[in-house]
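Here are the chains, one letter per residue:
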Amino acid sequence: MSLPLRPALENITSVDRVLEDLLVRFIINCPPEDLASVERELFHFEEASWFYIDFVRIINPTLRALKIKSFAQNIIRLCPLVWKWDIKADEALQKFSKYKRSIPVRGAAIFNENLSKILLVKGTESDSWSFPRGKISKDEDDVACCIREVKEEIGFDITDHIDENQFIERNIQGKNYKIFLVSGVPENFSFKPLVRNEIDKIEWRDFKKMSKTIFKSTSKYYLVNSMIRPLSMWLRRQKQIKGDDQLKLYAEEQLKLLLGLTKDEQVDPGRDLLNM
Amino acid sequence: MATKNMEAAATTMDIYRKALNFNVIGRYDPKIKQLLFHT
Amino acid sequence: MLQFIGFGVQVELRDGKLIQGKIAKATSKGLTLNDVKFGDGGTSQAFKVRASRLKDLKVLTVPPSKKEFEAHKQ
Ligand SMILES: [Mg+2]
């Protein structure tokens with residue numbers, strides 16, 4: 001579904017109204033074969049819950065967080081007809097997560113300081129461009145895995161740039177992907193893979209340009225295309241925050257001047273010289 | 001089996017689906033709401 | 001001065017008190033704040049302070065209308 005998001009969802013304060021929206025977008029208008037089994041239906045529930053997290057929480061942070069279990073329970077409460085199975089929803093969800101037992105993959109969407117470009121890699125075996133990423137090693141948490149894989153593949157350490165709460169998650173063909181969102185990486189850094197036989201190319205891509213052409217048949221991308229919308233939204237939010245920060249600093253400067261709060265040296269750096 | 005029940009449930013679901021679609025889509029564009037109303 | 005209306009600030013007075021509030025008026029003579037919170041936990045609808053009593057100032061929030069403007073700029 002491609003309903004424009006902003007006007008209707010932006011100012012909603014009622015979770016139920018949002019859930020109704022998501023029911024329409026993800027669940028009740030599916031073709032019957034898409035809901036023909038518990039697993040298939042749960043995949044749609046999961047997508048809807050990620051939509052909730054990605055979009056709605058970014059636009060309207062006042063809405064309460066909902067993990068998949070409570071999300072599902074609320075959906076079913078709103079529309080009981082949606083759950084026609086004999087098994088209970090939380091039991092089904094348990095089985096569902098067991099089903100997703102293949103090794104999770106973590107990676108990073110890396111943006112420059114201007115938030116205009118994204119760094120992508122191409123492997124030696126495939127012609128698709130994607131995020132630097134890799135599988136979790138033993139006893140490694142998501143963030144550590146991401147930092148390690150990114151370092152191996154592009155030679156840059158994102159420890160100081162990564163936020164464990166900022167990521168996009170997707171299940172694709174049974175694999176769980178978590179892509180952390182990172183910005184402020186210097187464009188002129190000399191990126192080099194530490195593992196030379198895996199990565200063939202590393203390149204900055206203009207994000208706006210890429211989003212316009214990403215669904216054309218000639219471009220070859222993996223993961224990036226399925227995450228392009230939350231990426232755009234996150235970028236917009238980051239720019240907004242950056243804009244706000246600049247505005248705050250500017251306003252502070254001006255207020256201090258107005259109220260006479262600035263120290264003398266700051267106001268007139270040449271004063272001492274003139275006074276000599 | 002309980003085909004009559006299944007049919008009834010399907011029809012109810014269908015009605016609910018149409019109603020919910022109508023309400024949600026209407027929030028985005030009042031014009032659509034008018035259009036749906038006449039369909 | 002109109003450009004400062006709605007900004008959330010924290011001011012530090014010369015006597016060390018910290019006060020938070022939203023700017024309703026700002027001139028070279030002083031500030032008028034709304035939705036005020038005092039360091040001791042007290043609140044007030046409005047509060048006026050002379051510029052001469054101020055030691056420092058920090059901007060905490062941006063008014064919502066400015067936010068919208070940024071957002072729609074895309
Ligand atoms: Mg790797």
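The structure this text deals with has already been given above.
Small disclaimer: the values here were computed from a predicted structure and weren't measured. (Residues numbered from 1 in each chain as written. Chains lettered and ligands numbered in written order. Predicted model: local features only at pLDDT ≥ 70, side-chain atom pairs only at ≥ 80, totals over all residues. Heavy atoms only, no water.)

(A) Representation of the overall build of chain C in the model. A tally of regular secondary structure across chain C gives 1 helix and 5 strands. Reading the helices (α) and strands (β) of chain C from amino to carboxyl end gives β-β-β-β-β-α. (Helix = DSSP H or I, 4+ residues; strand = E, 2+ residues; numbered from the N terminus.)

(B) Local environment of the coordination of the magnesium ion. All names here are of chain A. Around the magnesium ion, the protein contributes the donor atoms Glu149 (OE) and Glu153 (OE), at 2.3 to 2.6 Å from the metal centre. With Glu149 and Glu153 both in helix α6 (residues 142–154) and 4 residues apart, this pair spans about one turn of that helix. Taking relative accessible area as the criterion, Glu149 reaches 8% and is therefore assigned buried. For Glu153, a relative accessible area of 6% gives the class buried. (Donors = N, O, S within 2.8 Å, 3.2 Å for Na, K, Ca; no water. Buried < 20%, exposed > 50% of the residue type's maximum accessible area, 1.4 Å probe, protein only.)

(C) Seen up close, the interface of chain A and chain C. Every contact between the two is made by 14 residues of chain A and, on the other side, 25 residues of chain C. Among the residues chain A hides against chain C, the three largest losses belong to Leu255(A), Leu259(A) and Leu261(A). Together they make up 31% of the total. Along the contact surface separating chain A from chain C lie 1 salt bridge. For Lys256(A), the salt bridge identified is with Asp56(C), shortest N-O distance 3.6 Å. Between the two partners, chain A and chain C, sit 2 residue pairs in polar contact (both at pLDDT 80 or more). With 12 residues, the top contributor of residues to the side of chain A that touches chain C is helix α8 (residues 228–259) of chain A. Looking at side-chain class alone, the side of chain A that touches chain C contains 6 nonpolar, 2 polar and 6 charged residues. (Contact = heavy atoms within 4.5 Å. Buried area = accessible area lost by both parts, 1.4 Å probe. Salt bridge = Lys/Arg side-chain N within 4 Å of Asp/Glu carboxyl O. Polar contact = N/O pair within 3.5 Å; in protein donor to acceptor, adjacent residues only side chain to side chain. Nonpolar A, V, L, I, M, F, W, Y, C, P; charged D, E, K, R; others polar.)

(D) Highlighting the pattern of salt bridges. Residue and element names in this part refer to chain A. Using the criterion set out here, one finds 18 salt bridges over all chains in the structure. Two residues, Lys248 and Asp245, come together in a salt bridge whose shortest N-O distance is 4.0 Å. Taken together, the residues span about one helical turn, with Lys248 and Asp245 both in helix α8 at a distance of 3 residues. The exposure class of Lys248 is partly exposed, given its relative accessible area of 22%. Linked by salt bridges that have partners in common, Glu140, Arg148, Glu149 and Glu152 make up one network.

(E) The arrangement of the packing of helix α2 (residues 15–27) of chain A against helix α4 (residues 68–78) of chain A in detail. All names here are of chain A. Between α2 and α4, the shortest axis-to-axis distance is 10 Å and the interhelical angle comes to 90°. Here α2 lies roughly perpendicular to α4, going by the angle between them. In this structure, α2 uses Asp16, Leu19, Glu20, Leu22, Leu23 and Ile27 to contact α4, whose residues at the interface are Phe71, Asn74, Ile75, Arg77 and Leu78. (Axes fitted to C-alpha atoms, helices over the stretch in contact; angles between N-to-C directions. Parallel < 35°, antiparallel > 145°, perpendicular 65-115°, else oblique.)

(F) Quick peek at the sheet that holds strand β5 (residues 54–61) of chain C. Residue and element names in this part refer to chain C. With antiparallel pairing, the 5 strands of this open sheet are ordered in space as β4-β3-β2-β1-β5. The two strands at the open ends of the sheet, each matched to only one other strand, are β4 (43–50) and β5. In this sheet, neighbouring strand axes are inclined to one another by 40° on average, regardless of whether the strands run parallel or antiparallel. Inspection of the sheet shows strand β1 (residues 8–13) paired to β5 by 6 bridges, in the antiparallel sense. Looking at β5, one finds that Val9 is bridged to Val59. (Pairing = 2+ DSSP bridges.)

(G) Examining the environment of Ile87(A) more closely. Residues and elements named next belong to chain A. Relative to the helices and strands, Ile87 resides in the loop between α4 and α5 (89–99). Through-space distance from the C-alpha of Ile87 to that of Asp34 is 18 Å; in sequence the pair is 53 residues apart. When near neighbours in sequence (up to four residues on either side) are disregarded, Ile87 contacts Val38, Ala92 and Lys95.

(H) Examining unusual backbone geometry more closely. A positive phi angle is found at Leu115(A), which is not glycine, with a value near 60°. Structurally, Leu115(A) can be placed in the loop between β1 (105–112) and β2 (117–123). Leu115(A) gets classed as buried once you look at its relative accessible area, which sits at 5%. Residues other than glycine seldom take positive phi values, yet Asp35(C) does so here, at roughly 50°. Locating Asp35(C) in the fold gives a position in strand β3 (residues 30–38).

(I) A look at the interface of chain B and chain A. At the interface, 10 residues of chain B touch 17 residues of chain A. Three residues, Met13(B), Arg27(B) and Tyr28(B), lead the burial of chain B against chain A; their summed loss comes to 50% of the area buried on that side. For the pair chain B and chain A, the number of links is 0 salt bridges. Joining chain B to chain A, the criterion identifies 3 residue pairs in polar contact (both at pLDDT 80 or more). Of the residues in the side of chain B that touches chain A, the class split is 6 nonpolar, 2 polar and 2 charged.

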